[in-house]
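# Descriptive structure summary
One-letter residues, chain by chain:
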Amino acid sequence: MKKSYVLFPVSGAILGLLAWYLTDKVWHDAPYHFDAPSTFLLTFSIVLTVSYWLGSGLRRPIVDVVFLFVTAIVAALQVFALQKLVGLEDVSIIFRVMVFASIVIWVGTAIAAYRVWQPAAEGAKWLAEMVPEIWSIKISLFIGQLASSAIYLVTMGLAFLLELVGIELFRKWLMMDRVELTLIGFSFAVGVLVAQEKRAILRPIRHVVAWFFRILYPLQAVGLTVFLVVAASDGFKTLLDHDFSVWWVVTGAAIGLLYLLFGASQLENSDQKIYGKKADVVFRASLFIPLALSAISVYAIWQPVEMYGLTPSRVYGLWMTLMVFAASLVLVLSILLKKGTGTEAVRETFGRIALCFGVGAFVVHLPLIDPVTMSARSLSERLSAQEELSKSDLQFAARELGFPGDDILVQQGLSKQEIAQLEKPRTRLDEERELAERFKTFDGISLYPASYENAAEVRKEILENQEFNSKNCYQERQCAILMTDLNADGVDEAIFFQSATQIALLTFDQAEGKWERVNSSFWRSPAVDYEKLLRDIEAGNYRSEPPVYNDIMIGDQRVPMNPY
C-alpha cells in the first residue's frame, strides 16, 4: 500500500468535520436558505476530496493536482453562479436536487474519462474503457458506504457495551454531530481506499453484475415489446390519454432497458457477442425498443410545453427525453452500421453516450440557459400576452423561479411586500386561521328562537371567543345556535350545532362576562337527519329531556352514566 494512501482516511475525517461546520452555515434557517460562500466552499471540498480518492495516482502528480483543482473549482463556481444569478431558495425543489445531482453525474464522468484517457496515437480505445471504469467508481462508492455503515455500527456497539459497565461518556461523545460526521467521513474514505488499493476485486464484481444484467435485459425487452404492441393497437390513444406525466414513466422504462444493456456490456471480451450469433438478430431488433419509447416520451412531454410553456420540471423532462432518444438513436446506428454486436463495440458506443451525458449534465445548469431562467423567459412571454394576470402564475414565479421570477413580478408592478406574500406558501393551517378570522364577523349563522333578545350580540360574542368548525359553517352554511335552559336554573345555555356530527354546549360566565365552552360532543348515531333537525329548530319544535340514566354520586364523586 502506498504511503500516500494515509491521506484517504485523514481527508475523509477532515471532510466530515468541515461538512458539519459548513452545513450549519449553508442551510441556516433551514431548509431554504443557502449562504453562497459556504455553499461554494462545501461543494469545492466535497468534489476535491472525492476526485482525489477516485482520480489520483495514475498520472504525474502535477497533472493530478491540476485535474483535481480544476474539477473542484468548476463545480463550486457553477453552484456559486446559480446561487447569485438564480437563487437556490425560492426555486422548484427539483431544481435544487438536479443542480447537485448533475454535479455528481458530470464529475463522475470526468473522473472516469481522466482515468482511462490515452492519446489516440497509442491505439487505445479509451472510450470503450469508460464503461467498466464508471462501474468501478460506482462499486467503490458502494464499498465506501458499506464500510461507513459497518464501522459506525461497530463503534456504536462498543459504546453501548462500555455504557453497561458504567462508561457513558464515550457514547455521548460519539453522538455529537461533529464527531458522528467525522467518523462517517473517515469510514467512507477507508472503504474507498480498500476498493482503490485492491482494484482487482472490482473486476469479478463487475462481471457478476454484467451476467445478471444480461439475464434481465431480454426479460425486460420482452415485457416492453408487449407494452408497445398493446399501446400501438389503438394508435397509442389509451396511453396518451393519461396525464401528461406519463412521459416520465415511459422514459423510465427506456432508461431502465438501456441501463441493463449498459451493465451487460462490461465483460471485457472483444470477440464475444452480447447474446451469441443465433440471438444476434433478436438483439439488434431490441435496440429499437428504447428508441420507440423515448420518441413517445418526447411527444408526451411536448404537449404541456406547447400548451402551457416551460417549467423547470418540463425543461428537465425535455432534456432527459431528448438525451435518451439521442442515445438510443446513436446506439442503433452504431450497431447496425458497424455491424458489430461484440461487447467491445457496445461498450465503445456506451462510452460515447456516457461522455455526452456528462457534458449535457454540465451544460444544462450553465447560468442563463438553466431550467429556471428558461422557464422565467417562457412565463414572461405568456404573461405579456395575457390581459388579466393569473394568481397561480404569479405564485409560480415567486415560489419556483427564484431571482428571475422576482424580476418578472417587479415588471408586472408588484411591490416587495406583495412579492413576499406570494413567496410564502399558504399552509392548510394558514387557510383555516384566515377562515376563522372571517368567521368571527360572519352573520350567516341563525340564532334561535328568532325573537331572542340581543341575538346579534350573543352570536357575535360566541363566535369571537370560541374556536369552531368554521369551514362547515362558513362554506356550507349549515350551522345554528339554539338558546334554551337545559338545567332549569333560569339562565339559557347556548347549543351550537356545527355539523351533522358535532355539537358544542356553552354557558355564560357571569363573573367573567363571557361565554365558556362546557364541552364538545359527537352524535351517538350517524343516522341523524341534520337538515330536518335544523328545520325543526327553526320551527321551534324542540324541548329539553332528562337523561336516560341519572348520574350516580359515590361519596363526593360523580360518576357519569351517559357517555357521549
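Now for a look at the structure at hand. Going along each chain's sequence as written, the residues are numbered from 1 onward. Predicted model: local features are reported for residues with pLDDT of at least 70 only, side-chain atom pairs are reported and counted for 80 or more only, and whole-chain, interface and lining totals are derived from all residues. Side-chain measures here rest on the full set of heavy atoms in the structure, leaving out hydrogens and waters.

Moving on, we come to the overall build of the protein. Check the secondary structure of the protein and you find 22 helices and seven strands. Counting only residues that meet the buried cut, the protein has 42% of its 564 residues in that class. In this analysis, two residues are considered to be in contact whenever any of their non-hydrogen atoms come within 4.5 Å of each other. Expressed as a percentage of contacts within the protein between residues at least 6 apart in sequence, the contacts between residues at least 24 apart total 69%. For accessible areas, the Shrake-Rupley method is used with a probe of radius 1.4 Å. Any residue's cover is judged against the shown protein chains and nothing else. Summed over all atoms, the accessible surface of the protein reaches about 31,000 Å², with 63% contributed by carbon and sulfur. The helix count covers DSSP runs of H or I at least four residues long, the strand count covers runs of E at least two residues long, and both are numbered beginning at the N terminus. A simple rule labels every residue: compare its accessible area, found with a 1.4 Å probe on the protein chains alone, to the largest value its type can have, and call it buried under 20%, exposed over 50%, or partly exposed in between.

Turning next to helix H8 (residues 202-232). How far a helix is expected to stretch is found by multiplying one less than its residue total by 1.5 Å. Across its 31 residues, H8 extends 43 Å between first and last C-alpha, which sits within 8% of the 45 Å expected from 1.5 Å per residue. Listed as buried for H8 are Leu202, Arg206, His207, Ala210, Phe213, Arg214, Tyr217, Ala221, Leu224, Leu228 and Ala231.

Right, let's get into helix H12 (residues 288-308). Between the first and last C-alpha of H12 there are 31 Å, a value that for 21 residues agrees with the 30 Å anticipated at 1.5 Å per step. Buried within H12 are the following residues: Ile289, Pro290, Leu291, Leu293, Ser294, Ile296, Ser297, Ala300, Ile301, Pro304 and Val305. Backbone geometry just after H12 places Gly309 at a positive phi near 90°.

Across the five residues of strand E2 (residues 480-484), five count as buried, placing the element largely inside the fold. Burial along E2 is two-sided: the residues Ala480, Leu482 and Thr484 and Ile481 and Met483 are all buried. Relative to strand E3 (residues 493-497), E2 is paired through five bridges, and the arrangement is antiparallel. The residue bridging Thr484 from the neighbouring strand is Glu493, located in E3. A pair of strands is treated as paired once DSSP finds two or more bridges between them.

Counting buried residues in E3 gives five out of five residues, a clear majority hidden from the surface. Side chains of E3 alternate between two faces, with Glu493, Ile495 and Phe497 and Ala494 and Phe496 buried alike. Across four bridges, the pairing between E3 and strand E4 (residues 502-509) is antiparallel. Each residue of the ladder has a partner; that of Phe496, found in E4, is Ala504. Adjacent in sequence and paired antiparallel, E3 and E4 are bridged by four residues.

The subject of this paragraph is the pattern of salt bridges. Here a salt bridge means any side-chain nitrogen of Lys or Arg lying within 4 Å of a carboxyl oxygen belonging to Asp or Glu. One pass over the full model with this rule turns up eight salt bridges. Glu168 is the salt-bridge partner of Lys172, the closest N and O atoms lying 4.0 Å from each other. Note on Glu168: relative accessible area 39%, which makes it partly exposed. Between Lys532 and Asp536 there is a salt bridge whose closest N-O contact spans 3.0 Å. On the criterion of helical spacing, the pair formed by Lys532 and Asp536 is a turn pair, its members being four residues apart in helix H22 (residues 530-539). For Lys532, a relative accessible area of 41% translates into the label partly exposed.

If you trace the backbone, Ser375 turns up in helix H15 (residues 371-384). Here a polar contact is taken to be a pair of N or O atoms separated by no more than 3.5 Å, where protein atoms must pair a possible hydrogen donor with a possible acceptor and residues adjacent in sequence count only if both atoms sit in side chains. Side-chain polar atoms of Ser375 contact the backbone oxygen of Thr311, separated by 3.4 Å. The contact partners of Ser375, leaving out residues within four places of it in the chain, are Leu310, Thr311, Pro312, Val315 and Leu401.

To continue, consider the packing of aromatic side chains. Working definition: rings of Phe, Tyr and Trp (its six-membered ring) pair if their centres are within 6.5 Å, and the pair is stacked with planes under 30 degrees apart, edge-to-face with planes over 60 apart, and tilted otherwise. Applying the stated criterion to the full structure yields 17 aromatic pairs. Taking 5.7 Å as the distance between ring centres and 80° as the angle between the ring planes, the aromatic pair formed by Trp135 and Phe213 counts as edge-to-face. Highlighted residues: Trp135 in helix H5 (residues 126-164) and Phe213 in helix H8, separated in sequence by 78 residues. Ring centres 5.9 Å apart and planes at 55° place the aromatic pair Phe213 and Tyr259 in the tilted group. You can see Phe213 sitting in helix H8 and its partner Tyr259 sitting in helix H10 (residues 246-264), a full 46 residues away along the chain. In this structure Phe213 comes out as buried when scored by relative accessible area, which is 11%. Three or more aromatic residues link up through ring pairs in this structure, and these residues are Trp135, Phe212, Phe213, Tyr259, Phe262 and Phe350. In this arrangement the basic side chain of Lys138 is found over the ring face of Trp135, its NZ or CZ atom lying 3.8 Å from the centre. Two thresholds decide whether a charge sits over a ring: the Lys NZ or Arg CZ must be within 6 Å of the ring centre and within 35 degrees of the ring normal. Over the ring of Trp211 we find Arg214, and its NZ or CZ is 5.0 Å from the ring centre.

All right, on to the side chain of Ser11 then. For Ser11, the location among the structural elements is in helix H1 (residues 7-26). Residue class for Ser11 comes out buried when judged on its relative accessible area of 18%. For Ser11, the side chain forms a polar contact with the side chain of Trp53, separated by 2.9 Å. Dropping the residues within four chain positions of it, Ser11 is found in contact with Thr49, Tyr52 and Trp53.

All right, on to unusual backbone geometry then. Trans is the common state for peptide bonds, and a negative phi is the common state for residues other than glycine. Note that the residue after Tyr448, namely Pro449, is joined by a cis bond; omega there is 0°. Its identity is not glycine, yet Leu368 carries a phi of approximately 80°, on the positive side. Note that Leu368 resides in the loop between helix H14 (343-363) and H15. Its identity as a non-glycine residue notwithstanding, Ala488 has a phi of 55°, on the positive side. Along the chain, Ala488 turns up in the loop between E2 and E3. The exposed category is assigned to Ala488, whose relative accessible area is 72%.

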